[in-house]
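This is what each chain is made of:
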Amino acid sequence: MSTTERPRILVVGGGYVGLYAARRILKKMRYGEATVTVVDPRSYMTYQPFLPEAAAGSISPRHVVVPLRRVLPKAEVLTGRVTTIDQQSKVATIAPLVGEAYDLPFDYLVIAMGAVSRTFPIPGLAENGIGMKGVEEAIGLRNHVLEQLDKADSTGDEDVRRRALTFVFVGGGFAGAETVGEVEDMARDAAKYYPNVRREDMRFILVDVAPRILPEVGPKLGEWGLEHLKSRGIECYLNTSLNSCVGGHVELSNGLEVDSSTIVWTAGVKPNPALARFGLPLGPKGHVDVDATMQVRGTDHVWAAGDNAQVPDLAAGEGEFCPPNAQHALRQARALGDNIISGLRGFPQGEYKHANKGAVAGLGLHKGVAMIVFGKARIKLKGRLAWYMHRTYHGLAVPTWNRKIRVFADWTLAMFLKREVVSLGAMEHPREEFYEAASPVTAGATEEAAAERKTRVKESRAAANRDREEARAS
Ligand SMILES: Cc1cc2nc3c(=O)[nH]c(=O)nc-3n(C[C@H](O)[C@H](O)[C@H](O)COP(=O)(O)OP(=O)(O)OC[C@H]3O[C@@H](n4cnc5c(N)ncnc54)[C@H](O)[C@@H]3O)c2cc1C
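So, a few notes on the structure that sits alongside this text. For clarity, every value in this text was computed on a predicted model and none was experimentally measured.

Digging into the packing of aromatic side chains
The description of an aromatic ring pair uses the distance of the two centres, along with the angle that the planes make with each other.
Then, number 1: Within the structure shown, the criterion is met by 10 aromatic pairs.
Then, number 2: Here Y16 and Y47 contribute two aromatic rings whose centre-to-centre distance is 5.8 Å and whose plane-to-plane angle is 45°, an arrangement assigned as tilted. Taken as a pair, Y16 in helix α1 (residues 16-28) and Y47 in the loop between β3 (44-46) and α2 (51-56) lie far apart in primary sequence, 31 residues in all. Taken individually, Y16 and Y47 each receive the classification buried, so the pair is uniform in this respect.
Then, number 3: Their ring planes at 20° and their centres at 6.2 Å tell us that F169 and F204 sit as a pair that is stacked. Separated by 35 residues along the polypeptide, F169 in strand β11 (residues 166-170) and F204 in strand β12 (residues 203-207) bring together distant segments of the chain.
Then, number 4: Residue F169 is classed as buried on the basis of its relative accessible area, which comes to 0%.
Then, number 5: In this structure F204 comes out as buried when scored by relative accessible area, which is 0%.
Then, number 6: Put simply, the rings of Y16, Y20, Y47, F50, F408 and W411 pair up and form one aromatic cluster.

Here is the structure:
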């Protein structure tokens, strides 16, 4: 972190809004006008709309993330977490990846911390659920699903097999419907290589408390999407909630009970809870309360946008707020960047107004739905054409030409080479085998010693998982 005489613009979060706002400011700023500092616990921005495809192996996970230091060479990028902000003295406290927390003064502030999975106190969910907000989860889910096929193929125990081949997805919005669609497609494809596993042996279950799925594309296309998923053998239960999943035993509100090793939670998002420590006015659902210029109400130096802000939707009408999606996040970020430059130079703020352009969703290879708003018309597409729209839109929307080219290259290669169906679950514990080899308890030792060694490996794995969870939760 550099000390600077220039005013500091502190951008909290290097996701969609953080990355695009910082780029815009740096582009419009005069040389030496300010220092732009971006703080994020990850050194990369994640293009979340590609996570389902990354989970299905259609895109390399590295290509759905954008390295912040590379795309923001003129910014100061700090890898860490903003834990608290003192608005009076204009000082943020940063907890770096390692070492002591430190204070960072700022003059202007951008709050762009996005959202976290919205969960409920459902017994067993924290221990057994997996989210779909980050690339780590997408990679983890892919490895996990393929590992279940490996397990099912190699066991004679019918209970183990049934549990391994039962996949439960909770939430049928964009993230849930796309993820179940992509993962089922991958598992169906992968089953060709397992002599003892057929698609008919697998059970895919989609649960949503709402009466329909994919609300983003409207009722008709949502209905088509639902029928499409059902036609692929995915059991869909609407108006249904997850009651419990202790030890992987899933109980739904409609009375269905199954045992499953895979419970994917995509039932919506809520604003980042860390906002409560930032001394800013929050709305009823915990979003930062901003006006249409994205300036935080009651301040003249703080802006917020994206999933963590309630930005009035001027195009939708009085009392409406922009929905949390990438379409708004990207445009808000640019408008916010312009407003910061105006604020810096004492010019008036511009209001954000954007009319919804529609939505596209992929449900697996060559399958999708798309709703495009064209003036007053709503063009509805489904199937292969919608899928092409989905890919074209997102292929062009992913930030930087470097990533666009890599993503299109992934898709092109996949047309000629078969989909990769290898599980690299061991990558999550790369030290385990070496630990066993290097452990002071040598080969040929007693069974007790071997058991002890196994327990130690398990404990070290659990401790690593705990550390990761704690880091995430804080
Ligand atoms: C699986 C999935 C699929 C989606 N598909 C679509 C789609 O098809 N179309 C669409 O329009 N939208 C889609 N979305 C929604 C879209 O991705 C989000 O609306 C968008 O990313 C919001 O941008 P943001 O900048 O507000 O938040 P994010 O992009 O989430 O960025 C927030 C950043 O803040 C950082 N952060 C968190 N806490 C701290 C802290 N304490 N200190 C510093 N930094 C912090 C995070 O690490 C992260 O990098 C999808 C989302 C998901 C999860």
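Describing the site of the ligand
Then, number 1: Looking at the ligand, there are 30 residues lining it, with V17, D40, Q48, D307 and A326 nearest.
Then, number 2: In the model, an oxygen atom of the ligand is placed 3.1 Å from a nitrogen or oxygen of the Y16 main chain.
Then, number 3: One nitrogen or oxygen atom from the main chain of N325 is found 3.5 Å from an oxygen atom belonging to the ligand.
Then, number 4: The fraction of the free accessible surface of the ligand (1,000 Å²) that becomes covered by protein chains is 92%.
Then, number 5: Contributions of two or more residues to the shell around the ligand are made by α1, β2 (35-40), β5 (76-86), α7 (174-190) and α9 (326-345).

What to know about the pattern of salt bridges
Then, number 1: Throughout the structure, instances matching the rule amount to 21 salt bridges.
Then, number 2: One salt bridge connects E76 with R8, and the closest N-O pair in it is separated by 3.2 Å. Residue E76 is located in strand β5, and its partner R8 is located in strand β1 (residues 8-12); the two are separated by 68 residues in the primary sequence. For the pair formed by E76 and R8, the shared burial category is buried.
Then, number 3: Notably, a salt bridge pairs R163 with D259, separated by 4.0 Å at the nearest N-O pair.

Here we look at the pairing of strand β17 (residues 262-265)
Then, number 1: Residues T262 and V264 point to one face of β17 and I263 and W265 to the other, with burial holding for every one of them.
Then, number 2: Sheet analysis places strand β10 (residues 129-130) next to β17, joined by 2 bridges and oriented parallel. Of the residues in β17, the one forming a bridge with G129 is I263.
Then, number 3: In this sheet, β17 lies alongside β11 in parallel orientation, the contact comprising 4 bridges. Among the inter-strand pairings, V168 is bridged to a residue of β17, identified as I263.

Overview of the environment of V91
Then, number 1: Topologically, V91 is positioned in strand β6 (residues 91-96).
Then, number 2: Its relative accessible area of 19% is what places V91 among the buried residues.
Then, number 3: Expressed as a C-alpha distance, the spacing of V91 and R23, which sit 68 residues apart in the sequence, is 23 Å.
Then, number 4: Beyond its immediate sequence surroundings of up to four residues, V91 is in contact with T84, I85, D86, D103, L104, P105 and F106.

Some details on the side chain of D40
Then, number 1: Relative to the assigned elements, D40 resides in strand β2.
Then, number 2: Buried within the structure, D40 lacks any salt-bridge partner; R42 is the closest side chain of opposite charge, at an N-O distance of 5.4 Å.
Then, number 3: Within the local environment of D40, its side chain forms a polar contact with the backbone nitrogen of G14, the two atoms lying 2.5 Å apart.
Then, number 4: Among residues more than four places away in sequence, those in contact with D40 are G13, G14, G15, L68, L78, T79 and G80.

So, the packing of α1 against α9
Then, number 1: At a minimum axis distance of 8 Å, the contact between α1 and α9 shows a crossing angle of 40°. When you trace α1 past α9, the crossing you get is right-handed. Contacts between α1 and α9 pair Y16, V17, Y20, A21, R24, I25 and K28 from the former with A326, A329, L330, A333, R334, L336, G337, D338, I340, I341 and R345 from the latter.
Then, number 2: Residues belonging to the contact of α1 with α9 are distributed by class as follows: 12 nonpolar, 1 polar and 5 charged.

A word on the sheet that holds strand β14 (residues 242-244)
Then, number 1: Strand order in this open sheet of 3 strands is β14-β15-β16, and the pairing throughout is antiparallel. Each edge of the open sheet is held by one strand with a lone partner, namely β14 and β16 (257-259). Pairs of neighbouring strands in the sheet enclose a mean axial angle of 35°, with direction left out of account.
Then, number 2: Across 3 bridges, the pairing between strand β15 (residues 249-252) and β16 is antiparallel. For E251, the partnering residue across the bridge sits in β16 and is E257.

Quick look at the pairing of strand β24 (residues 377-382)
Each regular strand displays side chains that alternate between the two surfaces of the sheet.
Then, number 1: Bridging between strand β23 (residues 368-374) and β24 involves 6 bridges; their strand directions are antiparallel. Looking at the pairing, F374 lines up with A377 of β24.
Then, number 2: In textbook terms, the turn of a hairpin is the stretch between consecutive antiparallel strands, and for β23 and β24 this stretch comprises 2 residues, one of which, G375, has a positive phi near 65°.

Each value, and the rule that gives it
Residues numbered from 1 in each chain as written. Predicted model: local features only at pLDDT ≥ 70, side-chain atom pairs only at ≥ 80, totals over all residues. Heavy atoms only, no water. Phe/Tyr/Trp six-rings, centres within 6.5 Å; stacked < 30°, edge-to-face > 60°. Helix = DSSP H or I, 4+ residues; strand = E, 2+ residues; numbered from the N terminus. Buried < 20%, exposed > 50% of the residue type's maximum accessible area, 1.4 Å probe, protein only. Near = heavy atom within 4 Å. Polar contact = N/O pair within 3.5 Å; in protein donor to acceptor, adjacent residues only side chain to side chain. Areas by Shrake-Rupley, 256 points an atom, 1.4 Å probe, with all protein chains shown as cover. Salt bridge = Lys/Arg side-chain N within 4 Å of Asp/Glu carboxyl O. Pairing = 2+ DSSP bridges. Contact = heavy atoms within 4.5 Å. Lys, Arg positive; Asp, Glu negative; His and termini not counted. Axes fitted to C-alpha atoms, helices over the stretch in contact; angles between N-to-C directions. Left-handed = near helix turned anticlockwise from the far one by under 90°. Nonpolar A, V, L, I, M, F, W, Y, C, P; charged D, E, K, R; others polar.

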